[in-house]
Amino acid sequence: MKPADKDPKRLIVALDFVGEKETLGFLDRLDPDNCRVKIGKELFTACGPALVKKVQQRGFDIFLDLKFHDIPNTVAGAVRAAALELGVWMMNVHASGGRAMLEAAAGALSDIVCWHPHVIGVTVLTSLSDDDLAELGVRDPARDQVLRLARLCDAAGLGGVVCSPAEVALLRENMPRGFLLVTPGIRRSGDASGDQKRVMGPGEAIAAGADYLVVGRPITGATDPQAALADFMSEVSGNLPNPY
Ligand code: C5P
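In this text, all values refer to a predicted model and were calculated from it rather than measured experimentally.

Ala14, Asp16, Lys38, Thr126, Pro184, Arg187, Gln196, Val214, Val215, Gly216, Arg217 and Pro218 make up every residue found near the ligand. At a separation of 2.9 Å, an oxygen atom of the ligand approaches a polar side-chain atom of Lys38. Between the ligand and Arg217 there is a distance of 2.7 Å, counted from an oxygen atom to a side-chain nitrogen or oxygen. Burial of the ligand by the protein chains amounts to 80% of its free accessible area of 460 Å². Elements that contribute at least two residues to the shell around the ligand include exactly strand S8 (212-215) and helix H9 (217-220). Among the residues forming the shell around the ligand, the class breakdown is five nonpolar, three polar and four charged.

In structure tokens:
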């Protein structure tokens, strides 16, 4: 697996579609040399591994965004299946599943030598406010909990976390080099923010230390998705810490 700082493909397009036809029709308009794609719970539940294979056959690497959260043995099995049966490039688990679950997720692939997908953590869902956390018994503000869970992911052997634009700088400052930060909530100036409350520009997020950006509607909803992607790519490449 290439380290992120040597990876020319920093954009992950969120395939938030409901069916196969719409998804594949959209992918006809994108070049797998320019981006990766994310398949989440809705599309995977509707179309399953068969669609994962079809998307891969078109040359796209897949971030499988299923946020596994269960007892350690079950999560380890799911991680192995995603790696060995589906061959995904990246997948995620909920950090709040605890140390044993995270270690099981990280260790599930330890005997695989040829191919190591990234396994990253989800810290605090961006839909949760400090009040929501308090109701769940978490007294610290969300930022403190995000950092605590990111450190737990790192200690357990996970490769990084998904984080909001608001957390990138905090995590980049506090987490070791090479710990991946994957960031949704990305908008160019002029893009509709939709239901995203706090957004950041692609160049700004990369400059703050994000490794990969997850972008959905500004590309999936564009009249010319390839042109929109190219636009995102140029903002990213102008802001990479180590351009190559
Ligand atoms: O369309 P948009 O660019 O807002 O899509 C962002 C993608 O990232 C969606 O698939 C969304 O579910 C996902 N995501 C997010 N915020 C998080 C975690 C995931 O927007 N905290």
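So, next bit.
A few words now on the sheet that holds strand S7 (residues 180-183). Read around the closed barrel, the eight strands follow the order S1-S2-S3-S4-S5-S6-S7-S8; overall the barrel is parallel. Sheet twist, expressed as the mean angle between neighbouring strand axes with direction ignored, is 25°. In terms of strand pairing, S7 meets S8 through two bridges, oriented parallel. By the bridge assignment, Val182 is partnered in S8 with Tyr212.

The rules behind these values
Residues numbered from 1 in each chain as written. Predicted model: local features only at pLDDT ≥ 70, side-chain atom pairs only at ≥ 80, totals over all residues. Heavy atoms only, no water. Near = heavy atom within 4 Å. Polar contact = N/O pair within 3.5 Å; in protein donor to acceptor, adjacent residues only side chain to side chain. Areas by Shrake-Rupley, 256 points an atom, 1.4 Å probe, with all protein chains shown as cover. Helix = DSSP H or I, 4+ residues; strand = E, 2+ residues; numbered from the N terminus. Nonpolar A, V, L, I, M, F, W, Y, C, P; charged D, E, K, R; others polar. Pairing = 2+ DSSP bridges. Axes fitted to C-alpha atoms, helices over the stretch in contact; angles between N-to-C directions.

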